[in-house]
Amino acid sequence: MNKVVIVGAGQAAGWAVYTLRAEGYTGEIHVVSNESHVFYERPPLSKQVLSEEASVESLNLFSPAQIDDFSITWHKPDLAEHIDKQNRRVHLKSGKTLAYDKLLIATGSRARLPVATWGAFKRVHTLRDIADCQALSQQLKTAQRIAVIGGGWIGLEIAATARQQGKEVDIFEYGARLCARSVSPEVSAFLKTLHENAGTHIHLNATNIALNEKNDHSITLAQGELNPQNFDCVVVGAGAEMAKELALTADLAVKDGIIVNEYGQSSDPNIYAAGDVAIHPSLGYCIQSWANAQNQAIAAAKSMLGDLTAYQEIPWLWSDQYTCNIQILGTYQPEKTSKVVIRDTSETQKSFFYLDEHNRLINMIAVNEAKWVKLAKRWLGNATVLDPMQIEDVNFNLMKLK
Ligand SMILES: Cc1cc2nc3c(=O)[nH]c(=O)nc-3n(C[C@H](O)[C@H](O)[C@H](O)COP(=O)(O)OP(=O)(O)OC[C@H]3O[C@@H](n4cnc5c(N)ncnc54)[C@H](O)[C@@H]3O)c2cc1C
């Protein structure tokens, strides 16, 4: 193998390049990115960078010297538009054609806009990249009333950041509870209380939202029985669409994302995928998490080099809202859960454990209790049988179960 092409320059792409070089690959690496920035992480875009506590530069995954050492041929900003898998070539919008021995698709996902016409409104924002963050941050400087459409992780983080800047914030969630796809009703209730205690107004079951931007000063939001209200800006955090269109041009097997095996290999043996756009091999669906993008890409890069490394990581992601660091380990599986155990240390410090019928851990959510997450990862990996009474008892030191 002498020529690797990587499409995308986010978390997954960055760690694929790092791994290829760290494992001793000396051939060509071509990276195609439609952004001009290189290899940056996105979590702080809804947190410290949005509030301007951290700089855009702090997002970089690698130093300029490291990037130089990677010896990459860059194609940016450019768009990979078509894959010719028979001849192993990628065609770019600029007209360039890149030959490859192995190709990695690390194109991530993009913010979903439930109503296409909202995209034309100047005061409607989504948050996916640095440019989105800068535009929103700029608008937050003068905005006083903010509507957040979507009560998922990104929507809640943006709401918390805006509220901490003293803005008036309303969250409109389509479903009956917050973060319903990824957490249980108890955790949704905890999140609702957290945000309401901070002074945010939460509107659940908020369907049929209509937005209207009549002038340069405000945007009107009408929903159900509520009288239309004026906001200075609206942020939409209504889920993501996987950027799988490139895979479709090569007729790769796809569902919501690109289907890959545990080595990151797609239905074409020379094409790999990792990160948001790739389906998690054991879960069967895409997960959008920083750790998944990094670790799936590391496994795919090693596999490209012939070191078949199976990616079988237990999903883990985190969110920061107000003073709470929330970590989610495993996935929410109500059909398998037979016991919910809450270790309730204080109002903002608790762990939620979801156990199966044999008292083995399936899923855990830790609020300001990061110390238990490592332990729980071992329990999940080893299918440890737990004693619910011990876990619930805040006077019992869980480290004894190490
Ligand atoms: C605001 C925000 C906050 C987040 N917070 C957290 C968090 O707290 N915890 C957590 O675990 N996860 C968080 N995430 C999720 C995490 O950042 C993503 O899962 C991760 O960035 C995915 O990495 P990726 O490399 O797959 O895709 P990305 O980082 O999205 O990179 C993909 C890149 O490919 C480019 N691209 C797409 N198509 C093409 C093409 N055809 N040609 C060229 N380039 C292309 C895209 O423009 C993009 O630059 C957050 C995400 C966002 C947006």
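> For the site of the ligand, give the residues involved together with the corresponding values.
Taken together, 33 residues surround the ligand, and among them Asn 34, Glu 35, Arg 42, Lys 47 and Asp 276 come closest. Within the side chain of Asn 34, an N or O atom sits 2.6 Å from an oxygen atom of the ligand. Note that an oxygen atom of the ligand is positioned 3.1 Å from one of the backbone N or O atoms of Ser 289. For the ligand, whose free accessible area comes to 1,000 Å², the fraction covered by protein is 94%. Elements represented by at least two residues in the shell around the ligand include exactly helix H1 (11-22), helix H4 (153-164), helix H7 (290-304) and strand E19 (316-321). Of the residues belonging to the shell around the ligand, the class tally is 15 nonpolar, eleven polar and seven charged.

> Residue-level account of the pattern of salt bridges, with values.
Under the criterion given, the structure shown has twelve salt bridges. With its nearest N and O atoms 3.1 Å apart, the salt bridge here joins Arg 42 to Glu 35. According to the relative accessible area criterion, Glu 35 is buried, its value standing at 18%. One salt bridge connects Lys 47 with Glu 157, and the closest N-O pair in it is separated by 3.0 Å. Taken together, the positions of Lys 47 in the loop between strand E2 (28-32) and helix H2 (64-70) and Glu 157 in helix H4 put the pair 110 residues apart, joining distant regions of the chain. For the pair Lys 47 and Glu 157, one class covers both residues: buried. One continuous salt-bridge network, built from bridges that share partners, spans Arg 145, Glu 168 and Asp 170.

> Residues and numbers for the sheet that holds strand E5 (residues 89-92), please.
Reading across the sheet, the three strands line up as E4-E5-E6 and stay open at both edges, with antiparallel pairing between neighbours. Strands at the two margins of the open sheet, each flanked by one partner only, are strand E4 (80-84) and strand E6 (97-99). Strand-to-strand twist in this sheet, taken as the mean axis angle between neighbours without regard to direction, amounts to 25 degrees. Across four bridges, the pairing between E4 and E5 is antiparallel. Counterpart to Asp 84 in the pairing with E5 is Arg 89.

> So, the packing of aromatic side chains: which residues are in play, and what are the values?
Under the counting rule described, the total for this entry stands at twelve aromatic pairs. Between Phe 39 and Phe 62, the aromatic rings sit 6.0 Å apart at their centres with planes inclined by 85 degrees, giving edge-to-face as the arrangement. Here Phe 39 is found in the loop between E2 and H2, whereas its partner Phe 62 is found in the loop between E2 and H2, with 23 residues between them in sequence. By relative accessible area, which is 0% here, Phe 39 ends up buried. Centre to centre, the rings of Phe 353 and Trp 379 are 6.3 Å apart; their planes meet at 45 degrees, and the pair counts as tilted. Placement of the pair is Phe 353 in strand E22 (residues 349-355) and Trp 379 in helix H8 (residues 371-382), with a sequence separation of 26 residues. Comparing Phe 353 with Trp 379 shows no difference in burial state: the two are buried. One aromatic cluster in this structure is built from Trp 15, Tyr 18, Phe 39, Phe 62, Phe 70 and Trp 74.

> Can you lay out the pairing of strand E20 (residues 324-330) for me, pointing to particular residues and giving the numbers?
Burial analysis of E20 places six of its seven residues in the buried class, the great majority of the element. Here six bridges tie E19 to E20, and the two strands are oriented antiparallel to one another. Bridge pairing in E20 places Gln 321 opposite Cys 324. The antiparallel hairpin formed by E19 and E20 contains two residues in its connecting segment, where Tyr 322 sits at a positive phi of about 55 degrees. Relative to strand E23 (residues 361-367), E20 is paired through five bridges, and the arrangement is antiparallel. When the sheet's bridge partners are listed, Leu 329 is paired in E23 with Met 364.

> Give me the lowdown on the sheet that holds strand E13 (residues 209-212), citing residues and values where you can.
Sheets are built from strands paired through backbone hydrogen bonds, the pairs being either parallel or antiparallel. One open sheet accounts for three strands, arranged E13-E14-E15; its pairing is antiparallel. Edge positions in the sheet fall to E13 and strand E15 (226-231), since each has one partner strand and no second. Between one strand and the next, the sheet's axes are offset by a mean angle of 20 degrees, whatever the strand orientation.

> I'd like a rundown of the nonpolar core, residues and numbers included.
Grouped together as the largest cluster of nonpolar side chains are 39 residues, with contacts concentrated most on Leu 45, Leu 136, Ile 146, Leu 191, Ile 326 and Ile 365. Element by element, the count of residues in this core is highest for H4, at six residues. The next biggest cluster of nonpolar side chains, apart from the first, holds 27 residues, and it includes Ala 9, Leu 61, Phe 70 and Ala 301.

> Any details on the side chain of Ser 51? Residues and values, ideally.
Mapped onto the elements, Ser 51 comes out in the loop between E2 and H2. The exposure class assigned to Ser 51 is buried, which follows from its relative accessible area of 19%. In this structure Ser 51 touches Thr 161 and Gln 165, once residues within four positions along its chain are discounted.

Procedures and definitions
Numbers given for residues are sequential positions, taken from 1 along each chain in its written order. Totals for whole chains, interfaces and linings use every residue, but because this is a predicted model, local features are given only for residues with pLDDT of at least 70 and side-chain atom pairs only at 80 or more, for both listing and counting. The side-chain figures draw on all heavy atoms in the structure; neither hydrogens nor water molecules are used. Throughout this document, a residue counts as near a molecule or strand when at least one of its heavy atoms sits within 4 Å of that molecule or strand. N or O atoms closer than or at 3.5 Å make up a polar contact, with two conditions inside protein: a donor-capable atom paired with an acceptor-capable one, and, for residues adjacent in sequence, both atoms drawn from side chains. Using the Shrake-Rupley algorithm and a 1.4 Å probe, accessible areas are obtained, with residue cover drawn only from the displayed protein chains. Every helix listed is a DSSP run of H or I at least four residues long, and every strand listed is a run of E at least two residues long, numbered separately from the N terminus. Residues are grouped as follows: Ala, Val, Leu, Ile, Met, Phe, Trp, Tyr, Cys and Pro are nonpolar; Asp, Glu, Lys and Arg are charged; every other residue, Gly included, is polar. The term salt bridge refers to a pairing of a side-chain nitrogen on Lys or Arg with a carboxyl oxygen on Asp or Glu at a separation within 4 Å. When accessible area is computed with a 1.4 Å probe and restricted to protein chains, residues below 20% of their type maximum are described as buried, those above 50% as exposed, and intermediate ones as partly exposed. Two strands pair if DSSP finds at least two bridges between them. Geometry is summarised by axes, namely lines fitted to C-alpha atoms with helices restricted to the contacting stretch, and by angles between N-to-C directions that run from 0 to 180 degrees. We call Phe, Tyr and Trp rings a pair once their centres come within 6.5 Å, taking the six-membered ring for Trp, and we label the pair stacked below 30 degrees between planes, edge-to-face above 60, and tilted otherwise. Only buried residues count toward a nonpolar core, which is a set of Ala, Val, Leu, Ile, Met, Phe, Trp, Tyr and Cys residues joined through side-chain atoms within 4.5 Å. Here, two residues are considered to be in contact whenever any of their heavy atoms come within 4.5 Å of each other.

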